[in-house]
Every structure is written in structure tokens, then in C-alpha cells.
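Understanding the architecture of this molecule
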Amino acid sequence: MAEAADFPGMTPSPARRWLRRTGALLAGAPLLAGLLQLPASPAHADGQASAREVSDAGTVAVAVDSLSPSVPTDGDTLTVSGTVTNKGKQAVTEAQVDLRVGSALTTRSAIETLAKKSDSLSGTAGSPVGGKYVAKFARLTPGVAQHFSISVPVDELELEDDGVYPLGVSLSGETAAKPWEQMLGIQRTFLPWQPDEAKTATKTTVLWPLMSTVHMTAETGSNEQQTPVFLHDDLAEEISPGGRLDQLVTLGKALDVTWVIDPDLLASVDAMTGRYDVRGEGTTTTAGTHQAIAKQFLANLQGAVQDKEVVALPFADPDLASLAHNGTGVTGSLSQLKAATDVAAITVETVLHVTPSTDFAWPVEGAVDPSIVKVATSAGADKVIARSDSLKETGSLSYTPSAARPIGGGTTAVVADARLSTAFQGDLTRASTSTLAVQEFLAQSLGLNLQTGKERSIVVAPQRMPTASQARAMAEAVTALQGGTWSQSQQLTAAATAKPDPGATTKVPSRSKYPSALRKRELPRSAFEEIATTQARLGNFKVILTDESRVVTPFGRAINREMATSWRGRTTAASSFRQGVQDHLDTLADQVKLIQKSDTKLSGRSATIPVTVQNNLVQGVEHLVLRLTSTNPTRLEIGGEAYFQQPIAVSGGHSTTVKFTTSANVNGQTSVVAQLYTEDGREYGAPVTFDVKVTEITATVMLVIGGGVLLLVLAGFRMYTQRKRAAAREAEEDAPDETGDAAGTPVIPQDSEGLRTEESGVRSRAVDPVQPSDGTPDTAAESTGPSGTGERVDR
């Protein structure tokens, strides 16, 4: 073994120690003499530093994969399992794994310090349990991991008073270069020891977050059900059996925790229970196929939250810090937070059938400043979940105070413990890192309880979206904590209303104290300006719709998603989502538009100009006016003015044409602008501009045209009379002489007009001579009486 001075806790015999010292001295004397003659170069010095670092970490990696039970008590048998891996270039012989128990740690900072250098060979290692409670290996080949497991009765560990004991798992052995026993690797963890019930238990609230990233777009189908469209199908993977969210639900169901839920996740999974589409390449979509998985997930979640406290964050979990630092100067940003808060409770109640609390706001990582608190409470929340590394203690308290702190204005800061809340961050996919995280969490919890005999309420607020491995480690730690002897479960509402410690800090840190690392990941001001633009366009669009809910609901929720905390660190994806929402809104708004017109010619002092409005939406539009404006009213007036407008209403999938009366004053070309407006005077859509060429009709031209028409009438009358006279002459030539015809028929005398003259001398109508060959007439003889009213008479 190495010297006890170098490795505390090791107790080799004096004889062996003397022999090893002598051998080492004799073997190293020639080498030492040579080294003393060489100058120490900078490169050599750097090499020595690097060697010290490698030596400090050890050449054998020790991993503790399992420690059971996590919180032992009297009569238990502690089993420690793991692996040892030779990272050096030489084989290790005569290797042995020992369990070492050090003195109880008296402060929480001591626990934290030891955890940061858990594999360092320097420092206290503790006394080995020894005896038969070891694991031996004849040879450790470089690069090969070998498993070990040691079980020891807790009574053999000689644990005394309640406390947190460092537990070291070390590997000792020999190498060809150093053929004596030495410690080559160690892994330290913690052994919480509280066999009896604590006199005063710590009331502990554990938040169990159920959140995800943004999955749904603003797009919906044009059918009656408005089929939702998803960005991708990643959510199906998360809620499938064994997925991240599925594991959180399964694990959380068995724990006494407070569920903190983003309503957007519930809305998204609920949308998947029916027909839904998934966006593909370009504008294509494919039908979603995970309805059964979504239904099962919601059923499991509904069962898990029954009789549990549920806290609903504002819809889509808006980034309060980004809003406070970059969004409050943009009009309408705070109203989006209010809308997200209002819809939160309704969503949770509808999907989970429980009534959630909406009194809590949760800034990213619990970091607060006055502007964040102001924004967080602007939508109705009066409790802000902060963290102790943000709202730091500045007083002289010797213990961790309760979570609740009154910070003014009727607002309570619920300060989560930073050490407990950050215990499960990082990569916990390996069993060894997960085990260390669990034991450190339990050690910190017990260390907190042992600080004072005062009753306190402590809150644990882990990361928002833990991975599956992090969730499993959390569940393991919370299970052990709730089965332990020093902690008692408590709901978040109770922790927030608990009596605060009078000496606890209540001053919110200034804005300059906000962590720069978090500030770099915030949504920029430009993001909120884009959101404001989208909101303005939505407001202009919805007023013309007969059923605005088909548009307001999906776009309202999409705007909430644009402010989501999950966009932090994903600048490109966030910008793409915002642009997609705006583009889709513009596409819908453009479905109501004016049809382009070609240039028009007007001949005359007055005429009508038709303008067509087309509606390609499924629903009808109304509350629109169409205005036609003359750019030169001196030349062309519309409705007697420079412009004229008419109300418009168009059914879905139809178009309508509106006619405007115009009057021309002067010849020439004039530009005319057609523009749609909402009833409150805001422009809607793009204008249509076309030219109107006016040709005025003068009095002289009218006189010429009138004279031409008169000449045509006179010419027609002349032709008519000439033809009539010609017909009369032909009849006269065909008639017999005055004395009669060949048959002796008397001839009736006629005057020059072709009218027969009777003996009385009275003029009568001419009668065609009757020939013997004529048959019976087709019609009766004309009446000689006067014609009736409206009856046509030939003269």
C-alpha cells in the first residue's frame, strides 16, 4: 500500500512501509541523480503539470453503476456494483476494489465540493471497510472493463450520527513500472444516513414538468373539421410507449409531485387523436397515422394527474424573460401573454378534466429581475417561480430558508433550491452518472434538513424538458426521498402560502445581474416585431369574415407558439416558424382580391365601369367596401366625385362585379384606382390600377350625325312614294277601255288617282277589276269603316 500520508485512511504495517520506502529510494537514486543534472525547460514543466492531472484522475476508471438501497437504514445490506476500466498502457495486477467511508460532511457546500472532484486521487479517501467486503482481480488488461459487486451489512460501515457520509469506491493494484500496491482510481459518492424519523421533516415540493417543443402550424384544412397540420411527426415518437413524454407520465404517476403542464402539448396531442396532416416537402402534406398512440397517451395522463395538483403555464410556455427584455416596447406583445394565460385553464380542463392553477409564472431557469417579475404578473399570475442562484441570500442565515418570499406588489417569489433543482442536468444516459446524481440529490436534501430544527418548505424545480434518462434519475431520487425519514411531500400552492422566513432575501436582483448566458439565448426584438405584424394582419383579415373563429383560433395559438420558451437557442427554426405563420396568413388574405382590369375606353359623357371582386375562401366575406378613385377628377368623375365606394359581400368560392357610373368632362386618358377597404377604413389587399381613355362627343358632331340621320329618313320616304306611283301606273295600263270589256261588262270610271267614281260623284277606294279566271278570295273584303285604336292602317 501507499503511504498513509499520501492516501488518508490507508493503514499498512510499519515493516512493509519501511521496506517499500527503502526499495523505492534505492531504485530511484540513479534516476534522481541524472534528473538533478538536467535543466527544467518550460516544455518539461508543462509535461509535469499534465502528468499531475492524469495522476490525479488515476489510471483506472471506477464507475459506480448501482448503489442499493440509496438511503440505507439499520439492518440493511448495502450493495455497490459497477465497473473498473484500466485506462493505462500497462496491465494492473493484484487489483482490489475497496469500499471506503469517510467522516460525515457538515455543510451543503462540502457536499457540492466533493461532488465536483469525485474521481480525484487527492484528498480524503476514507477508511476501507476491508475484510471480505472487497472485490479482487488478478489482472486488469488495458482498455477492458470488468464488473464488480460488493455487498456489505450497513452495521459494518460503522455509521454513527445522522448525516451525509462520503462513500469511496477505490481500485488498488500494481503495475510493472510500480510493483507495489497503490491506489490507481476512485469514485466518490454519498451515503445519506437517517435511520430514524427526523424530529422536523422538511416539506418538499417537487415540480414534474410536462412540456415539449412546438409541433403544430397555423395551417388547417378547408373542410368542416379544419384538419390540423403538424410541422413534423416528432411528437408521436415522444408519446409512444417508451418515449420521453410517455416515460414522464408513467414515472410521475407513482410520485407525489406537482404537475407543471404546457397546455399547448395537450392541445397538440388532442389534435392527433383525430384526423391530422404532417407537412412534407414544399407544400405537400401526408396524413398522420398515430391516432391510437395519442388517445392512449391522453388516457394515461388523465389517470396520472387524478387527485394531483396541476399547474398550467400560459399556452405554449411563453418566454417571459425575452418578452420583458425585448418585447415590451413592441405594441401588442403583452396582450399575447394575456391571451395565452386565458386559454390555458380551458385547454387543461377540456383535455384532462381537472381544474389547474394558473397563478404561477415560471421564467427560464428561475432567473428574475424587476422587469421579468412585472411581465410575469401582468397576465394575472401573482406567484413567480424563481431559483436561489438568482434570488441569492444576502443575510446571515445559517440555513436554507423556506421557498416563499414576499417581493412587493402582492407578488410572492417561490424560490426553488438551486442545488436540488440542477442535480439532474447533463448526460445521465450512463448508469454511473445517473447513480451519482441520485445520491448527490439525496445528500443535499438530508444536509438541508440537518441545518436547523425549524420547519421549512423547499421547492425543487428541475429543467423544463428533461430527457428520458434524466426523468428516470429524477424519479429514482424522488422515490427514495419520499420513502425516507427526513422529508414530507407538499403541494406547490401550500409551499407558496407558507410562512416566510423573516431573515430571507426579498430583494429582486437588478436587470444587470441577469445571467449573460441566458440573455444570449433570448428571442430578439425583431421576433416580437414580426409577431406584431402578424397580429395586425390577422386583425385586418378577421373583420371581413362571416366565421372568424376558423381563422382567429389557429392563428391566435400559432402567435402564442411564436413566443415559446422552447425556441431558445434555436434561432433559425424560430425565424422559419414565424415566417411560415405570416406567409400562410398572407395566402389566405390574398384569396379575397380584385381581378386585374385592362385599359378601358369611354365614348360619351357618361358610362359605367365594372370591377370584379373574387373570394376563393371557403367562407363568405363581408364588411368590405370597394372604392374606385379617379386620379384626375377634372377629366373623369366617378359618381360625381373624385371617388365613389360601394359595400361588398361575396359568398365563399364566388365572385361579384360592381358597376360604377362615371362622367367625362374633357377628352384624354386618366388612371383609375380600385381598392378594397375594411369598414373602418383600413386598406385590404393590393390595389388595381388601370387607364381610362375618354373621347368627348361635341355639339357639332351631334349636328352632323343628326343631319345624316334626317337625310336617310327623307331618302327612304322618297323611295317609298316613287314605288307606289309606279305601281299605280302599271295598274292603269292593264285596265280595259271606258265602254266595257270583251264580255260586255260595264267599266266604272276612275279619276287620276286610280279611285273609282260612282254616279253620285263620291270618291271611293279603287277596286281591282275582277277577272273571270279569279277564284274565291282568301280573305273577306276590307271594311270601309274607320280603323280601331293601335291598329295599323295602310295608306
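Look up: the structure comes first, before these words.
Residues numbered from 1 in each chain as written. Predicted model: local features only at pLDDT ≥ 70, side-chain atom pairs only at ≥ 80, totals over all residues. Heavy atoms only, no water.

Along its length, the protein chain carries 19 helices and 30 strands. The 795 residues of the protein chain split such that 43% are buried. Put simply, of all contacts in the protein chain between residues at least 6 apart along the chain, 75% involve residues at least 24 apart. (Helix = DSSP H or I, 4+ residues; strand = E, 2+ residues; numbered from the N terminus. Buried < 20%, exposed > 50% of the residue type's maximum accessible area, 1.4 Å probe, protein only. Contact = heavy atoms within 4.5 Å.)

What follows covers a nonpolar patch on the surface. Where nonpolar side chains cluster on the molecular surface, the patch consists of Leu 710, Leu 711, Val 713 and Leu 714 and spans about 410 Å² of accessible area. Tracing the chain through its elements places Val 713 in helix H19 (residues 699–734). (Patch = residues over 30% accessible without salt bridge, like charges linked within 9 Å, V, L, I, M, F, W, Y side chains within 5 Å. Areas by Shrake-Rupley, 256 points an atom, 1.4 Å probe, with all protein chains shown as cover. Salt bridge = Lys/Arg side-chain N within 4 Å of Asp/Glu carboxyl O.)

Taken in spatial order, the four strands line up as S22-S24-S28-S26 in an open sheet, and their pairing is antiparallel. Pairing within the sheet leaves two strands with one partner each, and these edge strands are strand S22 (592–594) and strand S26 (636–638). Going across the sheet, the axis of each strand differs from the next one's by a mean of 30°, ignoring polarity. With three bridges joining them, S26 and strand S28 (residues 654–664) adopt antiparallel strand pairing. Bridging from a neighbouring strand, Glu 637 pairs with Ser 663 of S28. (Pairing = 2+ DSSP bridges. Axes fitted to C-alpha atoms, helices over the stretch in contact; angles between N-to-C directions.)

As a further point, take unusual backbone geometry. Most peptide bonds take the trans configuration, and most residues that are not glycine carry a negative phi. Looking along the chain, the bond that leaves Ser 68 and enters Pro 69 is cis, with omega of -5°. Its location among the elements puts Pro 69 in the loop between strand S1 (60–68) and strand S2 (77–86). Phi is positive for Gln 226, close to 50°, though the residue is something other than glycine. Structurally, Gln 226 can be placed in the loop between strand S10 (216–220) and strand S11 (228–230). A relative accessible area of 19% means that Gln 226 is categorised as buried. We note that Glu 365 has phi near 55°; this positive angle belongs to a residue other than glycine. Looking at where Glu 365 falls in the secondary structure, it is placed in the loop between strand S16 (360–361) and helix H10 (370–378).

Right, let's talk about the packing of aromatic side chains for a bit. Under the defined criterion, the tally for this structure stands at four aromatic pairs. Measuring from ring centre to ring centre gives 6.4 Å for Phe 644 and Phe 660, while their planes differ by 80°; the resulting arrangement is edge-to-face. Residue Phe 644 is located in strand S27 (residues 643–650), and its partner Phe 660 is located in strand S28; the two are separated by 16 residues in the primary sequence. The lysine or arginine in question, Lys 597, covers the ring of Phe 690, its NZ or CZ lying 5.3 Å from the ring centre. We note Arg 627 situated over the ring of Tyr 643; from NZ or CZ to the ring centre the distance is 4.6 Å. (Phe/Tyr/Trp six-rings, centres within 6.5 Å; stacked < 30°, edge-to-face > 60°. Lys NZ or Arg CZ within 6 Å of the ring centre and 35° of its normal.)

Bringing the nonpolar core into the picture now. In terms of nonpolar packing, the biggest core is built from 73 residues, with Phe 541, Leu 626 and Leu 628 touching the most fellow members. Residues in contact with Leu 626, not counting those within four places in the same chain, are Leu 594, Val 611, Val 613, Phe 644, Gln 645, Gln 646, Ile 648, Val 658, Phe 660, Ala 674, Gln 675 and Leu 676. Among the nonpolar cores identified, the runner-up in size contains 63 residues, and Leu 210, Met 216, Leu 420 and Met 474 belong to it. (Core = buried A, V, L, I, M, F, W, Y, C linked by side-chain atoms within 4.5 Å.)

Its place among the elements puts Ser 322 in helix H8 (residues 320–327). Here Asp 319 takes part through its side chain, which lies 2.7 Å from a polar atom of the side chain of Ser 322. Setting aside anything within four residues of it in sequence, one finds Ser 322 in contact with Gly 327, Glu 522, Leu 523, Phe 528 and Arg 568. (Polar contact = N/O pair within 3.5 Å; in protein donor to acceptor, adjacent residues only side chain to side chain.)

This paragraph deals with the pattern of salt bridges. Proximity of charged atoms lets side chains of opposite charge pair with each other. One pass over the structure, following the stated rule, counts 20 salt bridges. In this structure, the salt-bridge partner of Arg 387 is Glu 365, at a minimum N-O distance of 3.8 Å. Here Arg 387, found in strand S17 (residues 383–387), pairs with Glu 365, found in the loop between S16 and H10; they are 22 residues apart in sequence, far enough to count as distant. Accessibility expressed as a relative area gives 40% for Glu 365, which makes it partly exposed. A salt bridge links Glu 522 to Arg 568, with the nearest nitrogen and oxygen atoms 3.8 Å apart. Linking Glu 522 in the loop between helix H15 (516–519) and helix H16 (525–542) with Arg 568 in the loop between helix H17 (549–562) and helix H18 (571–589), this pair joins segments that are 46 residues apart in sequence. Each member of the pair, Glu 522 together with Arg 568, is buried. Salt bridges sharing partners connect three or more residues here, namely Asp 319, Glu 522 and Arg 568.

Another aspect to go through is the environment of Asp 317. Take Asp 317: it is sitting in the loop between strand S15 (310–312) and H8. Classification of Asp 317 by relative accessible area gives buried; the value is 6%. Note: C-alpha distance between Asp 317 and Leu 337 (20 residues apart in sequence) is 9.4 Å. Those residues in contact with Asp 317 that lie beyond four places of it in its chain are Met 211, Asp 262, Arg 464, Met 563, Ala 564 and Thr 565. A distance of 2.7 Å separates polar atoms of two side chains, one belonging to Asp 317 and the other to Arg 464.

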